[in-house]
Amino acid sequence: MLIRTGRDGFHHPVAGDITPQAVYQRRRELLKLMAGGAAGAALAGWAAREALASAPRPNKLAPLPGQPSTVPGAATMEKLTSYEDATSYNNFYEFGTDKSDPAQNAHTLRTAPWTVEVDGLVKKPAKYALDDLLKLAPQEERIYRLRCVEGWSMVIPWVGYSLSKLVERVEPLGSAKFVEFHTLADRATMPGIRSSVLDWPYVEGLRMDEAMHPLALLSFGMYGEVLPKQNGAPVRMVVPWKYGFKSAKSLVRIRFTEQAPKTAWNKAAANEYGFYSNVNPDVAHPRWSQATERRIGEGGLFAKRRKTLLFNGYEAQVGQLYAGMDLKKNY
Amino acid sequence: MAAAPRARRSPWLHPAAKPLLFAAALLPFAWLFYAAATDQLGANPQEHLIRSLGDWTLRLLCLTLAVTPLRVLAGQPALARFRRMLGLLTFFYASLHLVAYAGFDMGLDFAEIAADIAKRPFILVGFSAFLLMAPLATTSFNRAIRALGAARWQALHRAVYLVAGLAILHFFWMRAGKNDFAEVFVYAAILGGLLGWRLWRRLRAPQLQPG
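Residues numbered from 1 in each chain as written. Chains lettered and ligands numbered in written order. Predicted model: local features only at pLDDT ≥ 70, side-chain atom pairs only at ≥ 80, totals over all residues. Heavy atoms only, no water.

The subject of this paragraph is unusual backbone geometry. All names here are of chain A. Of note, the bond from Ala112 into Pro113 is cis; its omega dihedral lies within 30 degrees of zero at -5°. Topologically, Pro113 is positioned in the loop between helix 4 (101–105) and strand 2 (115–120). Look at the link from Trp200 to Pro201: it is a cis peptide, with omega at -5°. Positive phi outside glycine occurs at Ser277, with the angle close to 50°. By the element assignment, Ser277 lies in the loop between helix 8 (264–268) and strand 12 (292–295). Among the residues examined, Ser277 registers a relative accessible area of 4% and is labelled buried. (Helix = DSSP H or I, 4+ residues; strand = E, 2+ residues; numbered from the N terminus. Buried < 20%, exposed > 50% of the residue type's maximum accessible area, 1.4 Å probe, protein only.)

Okay, structure coming up:
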């Protein structure tokens, strides 16, 4: 029978069914190797240029290019969200609770000089100047889906490197079980700090194995440039399989602890925002479903919502971190 | 003797006032329609449309409920002419608000919409406010008033106070996620003031017809 079903490989109802980018890239690498010699070298340059060309270069900020990442899952092939949307529709409560507030108010943020203190249960605590952090590992471009707990999503080309590179540098003690991220809370430059929406400074956290996962990105840029202030300049976390609020912005301190960090949103509403906050279409937010999402900039007013994917589509990469856990309890 | 003609020429009573107010109240709709057609609704057009239409519903509800206090306090009985028109415009914006939610955001997926109404108290409350407004809008015609009888018609139309309360609760719950209630309090204060004025007037002079 020639009746097509969803299982015969011709239909791709979800993006996750499509050949993963890493596999696709490995095939391309193989082809390039086979092409060999000068042709191969030319192709490699062409492939790198293609990755950057796919990101619009508004050239408003200092360029920060990254080599296409080879981390599995690090480059979704989905259409990029426009730079304009990604930098004008933001949640960064330190600058106001309205989506347009950060773009309007974040210009007051002073990003130089900037230091990030890395301390707690580590052998080599240190205060890193931003320049030293930038040079700590090669910058990679990674195209991640970002899913906000409010039910919208974007596709953003970030620039940075795996957080694990920094973690390895400070040599955590065996007793370190969690990593805590502290965001800047400067009353003078951040008007949102005056509101009592959250307990400042904004604190987020990861379990040690989550922090060591290669997809957990310490990011310094997006769209081939340094991070805009409203997107968490000069350095932020990006954890693509968790809701957006897990990715703390404008980091000033990274601390290693034995106890699970008391995170800002968990303190504000524990029944709504758990410690894990993994993207999960089957676990509804207490006030709304998480089954679908609105992809920002996709098709205008008549665009349909998309089905949300478990772990935001990164199940193949991070699923094993949560093996045996009850995700309804550990939301 | 010059007082009488001046009073007749008072801007409150100008014959163009009503069509002008009608046109002005439709300007936000015209702008949103134009912005939607030319893709100027920002990064999340569905959300922008729903929120703008909700804001305008609340604003027109405030205006509608302000007619009677203004009429009495300013001593301008002619203002009563605006009340039904403003009430119907409020219903017009509330309907568009609902259409934007059900059509553009939920893609007319009625199973999803029903689940959403059941799951999210603020949507249930907003939906209830809309359902309550519908009989008021459909009985706003002269013939309906005559058919119902003035007393019953007026009793029915007092449901607008319940609509106002539900609308504020809807807005409050919507903003509860961000604990950002500044705007909610502004609308609550205006609507509370307008309803409070009526209560106060009624308690002070129970023999007067409530407005």
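Next up on the list: the interface of chain B and chain A. Of the residues lining the interface, 18 residues belong to chain B; the matching set on chain A comes to 24 residues. Summing both partners gives a buried area of about 1900 Å² for chain B against chain A, and 50% of it is carried by carbon and sulfur. When the buried surface of chain B facing chain A is broken down by residue, Ala43, Phe104 and Lys178 of chain B rank first, second and third, together holding 33% of it. The interface formed by chain B and chain A contains 2 salt bridges. (Contact = heavy atoms within 4.5 Å. Buried area = accessible area lost by both parts, 1.4 Å probe. Salt bridge = Lys/Arg side-chain N within 4 Å of Asp/Glu carboxyl O.)

This brings us to helix 9 (residues 159–176) of chain B. Residue and element names in this part refer to chain B. Taking 1.5 Å per residue as the helical rise, helix 9 with its 18 residues ought to reach 26 Å, and the 25 Å between its terminal C-alpha atoms agrees with that figure. Buried residues of helix 9: Ala159, Val160, Val163, Ala164, Leu166, Ala167, Ile168, His170, Phe171 and Arg175, and no others. On its buried face, helix 9 is in contact with helix 3 (45–73), helix 4 (81–105), helix 6 (121–138), helix 8 (150–157) and helix 10 (182–204). (Expected span 1.5 Å × (residues − 1).)

Moving on: the nonpolar core. Judged by nonpolar contacts, the single largest core of 84 residues is most densely connected at Trp241, Ile254 and Phe256 of chain A. Ranked by residues supplied to this core, first place goes to strand 5 (residues 152–162) of chain A with 6 residues. One finds Leu49, Phe82, Tyr93 and Ile117 of chain B within the second-largest nonpolar core, a separate group that totals 25 residues. (Core = buried A, V, L, I, M, F, W, Y, C linked by side-chain atoms within 4.5 Å.)

Right, let's get into the packing of aromatic side chains. Applying the stated criterion across every chain, the model contains 21 aromatic pairs over all chains. Note on Phe91 of chain B and Phe130 of chain B: the rings are 5.4 Å apart at their centroids and 15° apart in plane angle, and the pair reads as stacked. Here the residue Phe91 of chain B occupies a position in helix 4, and Phe130 of chain B occupies one in helix 6, the gap between them amounting to 39 residues. For Phe91 of chain B, a relative accessible area of 18% puts it in the buried group. With centroids separated by 4.4 Å and ring planes inclined at 10°, the aromatic side chains of Phe172 of chain B and Phe181 of chain B adopt a geometry described as stacked. Three or more aromatic residues joined by ring pairs form one cluster here, namely Phe178, Phe275, Tyr276, Phe311 and Tyr322 of chain A. (Phe/Tyr/Trp six-rings, centres within 6.5 Å; stacked < 30°, edge-to-face > 60°.)

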